[in-house]
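Architecture at a glance
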Amino acid sequence: MAETPTRHVHFPGMDTTVLGADEIIINMGPQHPSTHGVLRVKLHLDGEKVIGSECIIGYLHRGVEKIAEHRSYQQFAPYVDRMDYVAAVSNGLGYCEAVEKLLEVEVPPRAKVVRTILTELQRIASHLLWLGTHALDIGALTPIFYCFREREEILKIFEKYCGARLTTHAFRIGGLQYEVYDGFEEDVKRFLADFDRKIDEYEALLTTNRIWVERTKGIGVLSAQDAIALGVTGPVLRASGVKWDIRKAFPYAAYDRYDFEIPVGSNGDTYDRYLVRMEEMRQSRRICLQAIEDIPSGPILGKVGKVMKPAPGEVYHSIEAPKGELGYYIVSDGTTQPYRVRIRPPSFINLQAFDTMVRGHLVADVVAIIGTIDIVLGEVDR
């Protein structure tokens, strides 16, 4: 039998190669520390220059959506914590609010405010992990120690509240799982009081650092038009100059009660994405400072039956997670289990922009570009 001819994907720029040689194809990952998980990137190179790429995913697939269809609404809630496992509180908020919309349940004001505080603390913790590991990828060792110092204080608050540090099952459908512990307000205020100065410390290390600037400015540029066309959301979209934040566009939890700004960039490069996330941490601190001063009294759980049977119908609800728009689409057939659950994870959608961002850059820049997207493979693969 004749052998099937090998197909080669043609990329722009392949016609002009180094010394007339064909393109080089190399694998980065899935066992590579700078791919931030089990991501396999197939790079098509002309010497050291990237002329194309393919992201190969699925190594961490756990069938979360299918599991949802074989669990009750309450039973599935802890599973979402395991998707973006460095922003579990945000995952839980999005899912609970989607089911609450399906059930037409009103969440008590106290629960809304506490949810907002915990979610913004989670945003800060997620950005701190991103900053420390991103800087480490590029060669800066000190920031990860600084970032983990503050992240640890947030995780202590989570642990005191619900007993978990990473996969924090903090919320219940209809409100909160637990009342806040004695001293919760004081712990949050103590953290927030000094955190602004800590952000200044991070910036002193990096913002004007010559090596950091050279490794990030003009690297991985994503125009506003490309970002919108690719469905990119979160800090990656805002760094391209698009002022879009679901907390402002479609307020949820208690965000309509607080004053905060949406930071945006102008160049859409790796440096702008760094600056946007730094300012987002300041804005999260600003939200928490307003919320912690005025936590309403009252119940923490709305009127939700022990057996949840939403009327037949469908709902889509999204929130502004640390990495972008996290959406849940749920179809009810009137039973205790959802008929269909579809999750829109920001890491998965934002990863589409990688090929656009990486073309024309060097292999060393691939590491910086993967880091600047801020992906978590548990969310990409689900």
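Every value quoted in this text rests on a predicted model; they were computed, and no experiment measured them.

Calculation rules
- Residues numbered from 1 in each chain as written.
- Predicted model: local features only at pLDDT ≥ 70, side-chain atom pairs only at ≥ 80, totals over all residues.
- Heavy atoms only, no water.
- Helix = DSSP H or I, 4+ residues; strand = E, 2+ residues; numbered from the N terminus.
- Patch = residues over 30% accessible without salt bridge, like charges linked within 9 Å, V, L, I, M, F, W, Y side chains within 5 Å.
- Areas by Shrake-Rupley, 256 points an atom, 1.4 Å probe, with all protein chains shown as cover.
- Salt bridge = Lys/Arg side-chain N within 4 Å of Asp/Glu carboxyl O.
- Buried < 20%, exposed > 50% of the residue type's maximum accessible area, 1.4 Å probe, protein only.
- Expected span 1.5 Å × (residues − 1).
- Contact = heavy atoms within 4.5 Å.
- Axes fitted to C-alpha atoms, helices over the stretch in contact; angles between N-to-C directions.
- Parallel < 35°, antiparallel > 145°, perpendicular 65-115°, else oblique.
- Left-handed = near helix turned anticlockwise from the far one by under 90°.
- Phe/Tyr/Trp six-rings, centres within 6.5 Å; stacked < 30°, edge-to-face > 60°.
- Lys NZ or Arg CZ within 6 Å of the ring centre and 35° of its normal.
- Pairing = 2+ DSSP bridges.
- Lys, Arg positive; Asp, Glu negative; His and termini not counted.

1. Focus: the environment of L155
- Looking at the element boundaries, L155 is found in helix α5 (residues 142–162).
- For the pair L155 and T270, spaced 115 residues apart in sequence, the C-alpha to C-alpha distance is 28 Å.

2. Quick look at a nonpolar patch on the surface
- Taken together, the side chains of L136, L141 and F145 make up a nonpolar region of the molecular surface, amounting to roughly 310 Å² of accessible area.
- Given the relative accessible area of 37%, L136 is considered partly exposed.

3. What about α5?
- For α5, which comprises 21 residues, the first-to-last C-alpha distance of 31 Å matches the rise-based estimate of 30 Å (1.5 Å per residue) to within 8%.
- Turning to α5, its buried residues number three or more, namely P143, I144, C147, E150, R151, I154, L155, I157, F158, Y161 and C162.

4. Brief notes about the environment of A125
- Following the sequence through the fold, A125 ends up in helix α4 (residues 109–138).
- Relative accessible area serves as the criterion here: at 1%, A125 is assigned to the buried category.
- For A125 and L155, which are 30 residues apart along the polypeptide, the C-alpha to C-alpha distance reads 8.0 Å.
- The residues touching A125, leaving out its near neighbours within four places in the chain, are R151 and I154.

5. Re the packing of α4 against helix α6 (residues 184–206)
- In contact at an axis separation of 12 Å, α4 and α6 are set at 25° when each is read in the N-to-C sense. Taken together, α4 and α6 sit at an angle that is classed as roughly parallel. The handedness of the crossing between α4 and α6 comes out as left-handed. Of the residues in α6, those in contact with I117, L118, L121, I124, L128, L131 and A135 of α4 are F184, V188, F191, F195, Y202 and L206.

6. A word on the packing of aromatic side chains
- By the definition in use, this model includes 11 aromatic pairs.
- Arranged with centres 5.7 Å apart and planes meeting at 90°, the rings of Y181 and F184 form a pair that is edge-to-face.
- Seen in terms of ring centroids, W244 and F250 are 6.1 Å apart; in terms of plane orientation they differ by 75°. Their pairing is edge-to-face.
- Following the ring pairs from residue to residue traces out a cluster consisting of F76, Y79, Y95 and Y328.
- In this structure, R115 is placed above the aromatic ring of F171, and the distance from its NZ or CZ to the ring centre is 5.4 Å.
- In this structure, R149 packs its charged tip against the face of Y146, placed 4.8 Å from the ring centre.

7. Some thoughts on the pairing of strand β7 (residues 324–332)
- Taken across its 9 residues, β7 has 8 buried, putting it largely inside the fold.
- In terms of strand pairing, strand β6 (residues 313–321) meets β7 through 9 bridges, oriented antiparallel. What sits directly across from S318, in β7, is G327.
- Hairpin geometry of β6 and β7 is characterised by an intervening segment of 2 residues between the two adjacent antiparallel strands.

8. Re the side chain of E97
- Tracing the chain through its elements places E97 in helix α3 (residues 88–103).
- In this structure, E97 is buried with no salt-bridge partner, the nearest side chain bearing the opposite charge being R115 at 4.1 Å.
- In this structure E97 touches R115, Y252, A253, H317 and I319, once residues within four positions along its chain are discounted.

9. Describing the sheet that holds β6
- Pairing in this open sheet of 3 strands is antiparallel, and the strands run β6-β7-β8 from one edge to the other. Lying at the two open borders of the sheet, with one neighbouring strand each, are β6 and β8 (340–344). Pairwise comparison of adjacent strand axes, ignoring direction, gives a mean angle of 10° for this sheet.
- Two strands pair when backbone bridges link them, and β7 and β8 are joined in this way by 5 bridges, in the antiparallel orientation. For Y329, the partnering residue across the bridge sits in β8 and is R342.
- Contacting β6 and β7, α3 crosses the sheet at an angle of about 150° to β6.

10. Observations concerning unusual backbone geometry
- Positive phi is not limited to glycine here, since E104 has a value of about 60°.
- If you trace the backbone, E104 turns up in the loop between α3 and α4.
- On the basis of relative accessibility, which here comes to 72%, the residue E104 falls in the exposed class.
- Here R382, not a glycine, exhibits a phi torsion of approximately 55°, which is positive.
- Mapped onto the secondary structure, R382 falls in the segment after α15 (377–381).

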